[in-house]
Structure formats: C-alpha cells, structure tokens
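# Structural overview
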There are 2 protein chains.
Amino acid sequence: MSSTSSVGEFDLIDILLQSIPSHLRQDGHLLVGAGDDAAALSSLVCPVITTDAQHESVHFYRHWLSPRDLGYKAVMVCLSDLAASYAFPRGLFINLGVPAGINHEYLCQLYRGVGSALEACGGQLGGGNISSSERLSIDLFAVGEGYAPMPQRGHAHVGQIVCATGVLGQARGALHGLLHGNEVAPELLQAFVAPRARFDAAAVLNRCGVRTVMDISDGLAGDCSKIARASGVSIQLAPEHFVVPAALQRYALENNREPREFIIGGGEDYELLFTCDEHQLGQICELLPDVMIVGHVVPEGDTPVIGGAVSSYIHGTGWTP
Amino acid sequence: MSSTSSVGEFDLIDILLQSIPSHLRQDGHLLVGAGDDAAALSSLVCPVITTDAQHESVHFYRHWLSPRDLGYKAVMVCLSDLAASYAFPRGLFINLGVPAGINHEYLCQLYRGVGSALEACGGQLGGGNISSSERLSIDLFAVGEGYAPMPQRGHAHVGQIVCATGVLGQARGALHGLLHGNEVAPELLQAFVAPRARFDAAAVLNRCGVRTVMDISDGLAGDCSKIARASGVSIQLAPEHFVVPAALQRYALENNREPREFIIGGGEDYELLFTCDEHQLGQICELLPDVMIVGHVVPEGDTPVIGGAVSSYIHGTGWTP
C-alpha cells in the first residue's frame, strides 16, 4: 500500500484518516491498520471479498452529490455485495484518484461519509492509496466474514419465485431526472443518493434458507438475466406484482413515462434479488414485509429473461451519459 | 463486484478471464471465484491485505511497457507489499479503468501478464470490475495469509543495521532515461519493467527473526524516513557501503550524474528494506548473498534520515512527470 506520490500526499492520507472516528480505523478486527505495507485482520473462517469502482463521469457527476454523500454511497455500494453474500464487513480499503480541482476539505468530507457508512454497516478502514488523476475515482475493496457455502447466483431452480427485498426503480427515476434536468421528488433522490446495503434482509434470507441471492445494482432485468444464465433457467418477470412507489408514479406521469420501465431497467437499487420456494415465502414476508414478487423461475428458453408486456424494456441496463 | 456497464463489458470480463490459466482463477484457495457478487477464499488464520494503484500518466506511460509487462509489473508491485509483510498471496482482485483507445487484444495481453506474475508468486485471480475511464488505470487488491505478529515499520531500534535485499537504483536509472530520451541499458530496463516481489528473501528474513521490513517502492531515502518516523529513530545512510551496478555506473557517467543519487532517490526497486542486529546479519548474508548495508539506526535527531555527503538527494522521492 504505497504510492509514487509526494510527501504531501502521505500527509494527506493522515489528514483523511483523522476524518474517520478512531474505532473505525484501529483495534476491533484490524490488527494492523493503515500506515504499513499491508493491513492485518483477525482470522477469517470464511473470507468473502468484493471490489467496486465509482468513477466521475462514468458512475456519477460531482454536482449530483455532496462529497459526504459520495463517500457514503460508494461504501454502501461496495458493502452491498457482501450483504448479498451473507458476509459481515471486516476491512475496507480505498484507492482514491484525485484531480487537480479537488481540495483537502472535499476529501475530508468524503471520508466522513465513508465513516458514516462503516458505522451503519460495521467494518473498519484498513488503508488505501491516493494518486493524482484526470477525474475523481474511488476504488473500494471490502473483506468480510461469511458462511460456507456462500449463497450464489447459480442455485435458482424451476418453480421458484423471484423476489426483491423492497421497492425498486426510485434511484433510476432520480437518475432520469438528473440527466434530463427534471424536478426530482426527495423520496427518489434519497433512494439514489443514500442507498442502504441490506444486511438486515440478508440475515432473514439466510435464516430462511435462501441460497440464490444477488444485489440489484444493474437493474432488475439485467440482474435477473445473470441469475438465469448462472442457473441454466429462464425468469419470467411478473410486472402485475410490482409495487410502484407513489413518488415514482408521479414522476413517470409528469414525464410521460411508464413507471415499470424504471423498475425493470432500474439500476443502483441495492435491494437483494433472490429466489425461494413457495413455503419459504410466507416466513420471509412475515419478517420482511416489503418483499415484492418480481417473477418466476421457468425452464430455460430462448431468452434468459421473459418480460411479457414489458419485454421491450429488458435490455435497458446500465447507463452511459 | 458489479459494474454499471453494458452487457458487452460483462462479456469482456469473461474474455479476459480466459487469458488466465484456469488453475489461477478457480479451485485452490478460491472457493467462489469471479462471476458472483463476491469471491470466497478458504479460511485465513492471519489475513493480510494490501492495495495498489497504477494509473497511466501518473505511474506509467503506455509506450514504456508492453501490455503484458504492464500487467506483470502491476501485480508484482502489489504483491511486493505482501512479501514485505511475510504473507503468501491467496486472492488478487483487479479494477480496470479502460479508455476508448484500448482494444480487447491489449487487455488480454495485460491479463496474460497478470497470469505470469500470479504463476511466479502464487495466489489466484478472484475477480474485479471494468469501467470506462479517461486514462488506463489498474487498481489491485491482494489478500494473503501471513504470520502473527506481522513485521512492521515501527520496530527498528538504535544500534541496528539497515539493509536492502539487493541492488538499488537501476529502475530509477531506467526511468530517468525514459523521461529524458536517453539510451537505457537492458539491465536497467529489466529492473524497471519486470521487478520481482521478494518472497524468497522474505522467507529468509522471517526465519532469521527480522521484525522491521518494508518494500522499497518510493526510494531508499523516503522509505528509510518512514521506518525512522514509525520507530521514533533516525537512520544514517551509509553510501560508502552501496553497491553500484555496472550498468548504472555507466549510465550515470554518460549522463553526468552521481550514481548514488539514483540509489538514494530511487523508487520502484521493490527490494526489501529491513533492520537487523549485527548477530543476525551474518546468518542473513549467508542465505542472501546480495544483501547490501545501506545505513544505521541512530537516536532520533532533527531529521529522520541523515545522508551525510548525499544529504541533498534525500528529499527526491517519487516522481510526477
């Protein structure tokens, strides 16, 4: 964990670390924290590792989010993959690419957001790098402690129900508004700016024996496709079951769009997408009342995801401005 | 480990993974490899984690290295931090930022270099992300299995000898030549293009009870300063003991420079820097004949590193073209 940077940048790392409460960067699971060649964690029976990148102009624009929200969201997005793997966060590592126009105060605010997310989810900051860069980039790596066998995308089977742990499409509605200069309701903005990694829901799904889970980061249709492909099945979406949040309904109406388009094309929801048997669903819904049925696992067909009346939307995953 | 990218980019990840021999991306220490939300490793009694970034125009220029060499070097640089922590590589994760001008074949070559470095050092590729980017960026994250207590920078004490595991300054000589358009001897270029993480030397130092180790990535003087600061001591450099490689001697002579400048200012050597007691040194040198004395640990003074006749060079760490 070194950097071919000036001494000033090493001092900057010290300043940024001070923006994080001390219990989030030393002791606890961290035996050796930031400041050495590597960090050391306490032993991990089932180490689970994930990585995520948030790059300016690709994943976000700076004027969309405060630096604190940006740090918070970047960490939540990364830790969401641990939640989808039933793993608890232990160590987080950050590589920052910093362009000339960003000052220390901006970065300290960003690190305060990182601290808030760690406070909410658990896990400690183990270190990282800072490099100069053309655009602001945040590359995150998280190490968690999971269970064996880990839930995976490839365990869905025909006859199962496909569900999400909460309402979808609000982040996509906000993104649409930001990209088109439309007015965006606070509920939609909140979903886009401050997603939460669903460790609470993961604990319930694990207890109920759910074995096929992923987080919805690239949109419901795209992520259903990944489960379908990994499991050798097709998924028939069930738009008739979709819960359309009121703010999304209003936004779609005002902008002459179909709200289910935002739910299916989606992206950045960070709810958990899972498949379960009918007998599991009742137990899950008792503990997680917001669970929404989104489709059914059917035998493998020509297309991995069949959306019926909304089939024209199923290819619209991701975004590139 | 998701990405807000097009389906084409998910296929690209598959193509890149195919550039790595299968035993380096499945089975072994990897219980769940690339393709799910997260990867899972077999249990780690002493997990050691490090991260490194290689960004175009900051850490390298593309015309300096073949894509294969770039991938190889990026991995070696990251794993070098594990060697300096006496840890064996278990899982490696890569976040690529890819600009428009780079084609799939370039990236496949880069991944072949990644595979070569993993083959040489151990460890398996667990996954990563690909994002579009203004400049090529390679963010790496490595998880290793170490020993407790891990060697650290803060354990040096007065009276110890400071050593490096091999010759220094050749990579800096090559860099100087590349930046100034001078002819560069193959020995210097080799040191710059294909550094090796010193796991062999780490095993010897560990066996001999050496407790203060780091890798020399930012130059001898800068890295000595870090040990001095972390240990609350000063380090007096001993340029009279420096071994000056013949190619570096020639390059310096031809370009009217002092070779010790390259050794002290250095950078990207990736040899191990360590402190030991006199009785350990004989045993170490028997097993590692290339070990070079570079200085002595002295009581804390006004400056953390005292270079005597070469004091004017000690601030020149890192580089920014």
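Parameters at a glance
- Residues numbered from 1 in each chain as written.
- Chains lettered and ligands numbered in written order.
- Predicted model: local features only at pLDDT ≥ 70, side-chain atom pairs only at ≥ 80, totals over all residues.
- Heavy atoms only, no water.
- UniProt positions renumbered as here; feature names shortened; annotations may be inferred.
- Least-squares fit on C-alpha atoms with pLDDT ≥ 70 in both.
- Contact = heavy atoms within 4.5 Å.
- Disulfide = S-S within 2.5 Å.
- Buried < 20%, exposed > 50% of the residue type's maximum accessible area, 1.4 Å probe, protein only.
- Helix = DSSP H or I, 4+ residues; strand = E, 2+ residues; numbered from the N terminus.
- Polar contact = N/O pair within 3.5 Å; in protein donor to acceptor, adjacent residues only side chain to side chain.
- Pairing = 2+ DSSP bridges.
- Core = buried A, V, L, I, M, F, W, Y, C linked by side-chain atoms within 4.5 Å.
- Buried area = accessible area lost by both parts, 1.4 Å probe.
- Salt bridge = Lys/Arg side-chain N within 4 Å of Asp/Glu carboxyl O.
- Phe/Tyr/Trp six-rings, centres within 6.5 Å; stacked < 30°, edge-to-face > 60°.
- Lys NZ or Arg CZ within 6 Å of the ring centre and 35° of its normal.

The name given to chain A in an unreviewed UniProt entry is Thiamine-monophosphate kinase, with the source organism recorded as Desulfurispira natronophila. What UniProt records for chain A under Catalytic activity (unreviewed entry) is the sentence "thiamine phosphate + ATP = thiamine diphosphate + ADP". Check the Sequence similarities (unreviewed entry) section of the UniProt entry for chain A; it says "Belongs to the thiamine-monophosphate kinase family."

## With respect to the relation of the copies chain A and chain B
In screw terms, the move from chain A to chain B is a rotation of 180 degrees and a rise of 0.0 Å along the axis, fitting with an RMSD of 0.0 Å. Considering both components of the superposition, the chain copies are consistent with a two-fold axis. Considering only C-alpha atoms, the residue of chain A closest to the rotation axis is A:L44, which sits at 2.6 Å. Taken together, the interface assignments show that 100% of the residues at the interface of chain A recur at the interface of chain B, consistent with an identical surface on both copies.

## Remarks on the state of the cysteines
All names here are of chain B. This structure, assessed with the given rule, holds 0 disulfides over all chains. Note on C224: no disulfide assigned, nearest cysteine sulfur contributed by C163 at a separation of 10 Å. Given a relative accessible area of 0%, C224 falls into the buried group.

## Side note on the UniProt feature "binding site: Mg(2+) 4" (unreviewed entry) in chain A
Here the UniProt-annotated "binding site: Mg(2+) 4" (unreviewed entry) positions come out as A:D37, A:T50 and A:D81. The named residues occupy 45 residues along the chain; their greatest pairwise C-alpha distance, 26.2 Å, places them well apart from one another. Within the element layout of this structure, A:D37 appears in the loop between strand 1 (30-32) and strand 2 (39-41). Accessibility expressed as a relative area gives 1% for A:D37, which makes it buried. Polar contacts involving the side chain of A:D37 include one to the side chain of B:R153, which spans 3.4 Å. Residue placement: A:D81 occurs in helix 2 (residues 67-83).

## So, the UniProt feature "binding site: Mg(2+) 1" (unreviewed entry) in chain A
Residues and elements named next belong to chain A. This chain's UniProt record puts "binding site: Mg(2+) 1" (unreviewed entry) on T51, D52 and N129. With respect to the helices and strands, T51 occurs in strand 3 (residues 47-55). Judged by its relative accessible area of 0%, T51 is buried. Looking at the element boundaries, D52 is found in strand 3.

## Details of the pairing of strand 3 (residues 47-55) of chain B
Counting buried positions over the 9 residues of strand 3 of chain B gives 9, a clear majority of the element. Of the two faces of strand 3 of chain B, the one lined by B:P47, B:I49, B:T51, B:A53 and B:H55 and the one lined by B:V48, B:T50, B:D52 and B:Q54 are each fully buried. For strand 2 of chain A and strand 3 of chain B, the ladder comprises 2 bridges, and the chain directions are antiparallel. Across the sheet, A:A39 pairs through a bridge with B:I49, a residue of strand 3 of chain B.

## Side note on the nonpolar core
Counting residues in hydrophobic clusters, the biggest one holds 81 residues, and the most contacted among them are B:L92, B:L96 and B:L220. With residues up to four places along the chain from it excluded, the contact list for B:L96 reads B:L16, B:L107, B:L110, B:Y111, B:N129, B:I130, B:S131, B:S137 and B:I138. Counting 79 residues, the second largest nonpolar core, distinct from the first, contains A:F60, A:L118, A:L140 and A:A247.

## What to know about the environment of A:G127
Residue and element names in this part refer to chain A. Examined against the element boundaries, G127 turns out to sit in strand 5 (residues 124-132). By relative accessible area, which is 11% here, G127 ends up buried. With 91 residues separating them along the chain, G127 and D36 place their C-alpha atoms 8.8 Å apart.

## As for the interface of chain A and chain B
If you look at the interface, chain A gives 61 residues, while chain B gives 62 residues. Of the roughly 5,100 Å² buried between chain A and chain B, counting both surfaces, carbon and sulfur atoms make up 50%. Across the chain A-chain B interface, the total number found is 6 salt bridges. When the shortest N-O distance is used, the salt bridge between B:R135 and A:E134 registers 3.1 Å. In this structure, the connection of chain A to chain B is made through 27 residue pairs in polar contact (both at pLDDT 80 or more).

## Some words on the packing of aromatic side chains
This structure, assessed with the given rule, holds 9 aromatic pairs over all chains. Aromatic pair B:F93 and B:F141: ring centres 5.9 Å apart, planes at 50 degrees, arrangement tilted. With B:F93 in strand 4 (residues 88-98) and B:F141 in strand 6 (residues 137-145), this residue pair connects regions lying 48 residues apart in the sequence. Centroid distance B:Y251 to B:F262: 6.0 Å. Interplanar angle 70 degrees. Geometry classified as edge-to-face. You can see B:Y251 sitting in helix 8 (residues 246-254) and its partner B:F262 sitting in helix 9 (residues 259-265), a full 11 residues away along the chain. Since its relative accessible area comes to 3%, B:Y251 is described here as buried. Here B:F262 falls in the buried class, since its relative accessible area comes to 1%. Within the aromatic cluster, the residues linked to one another by ring pairs are A:F93, A:F141, B:F93 and B:F141. Residue placement shows A:K73 over the ring face of A:F192; its charged tip is 3.7 Å from the ring centre.

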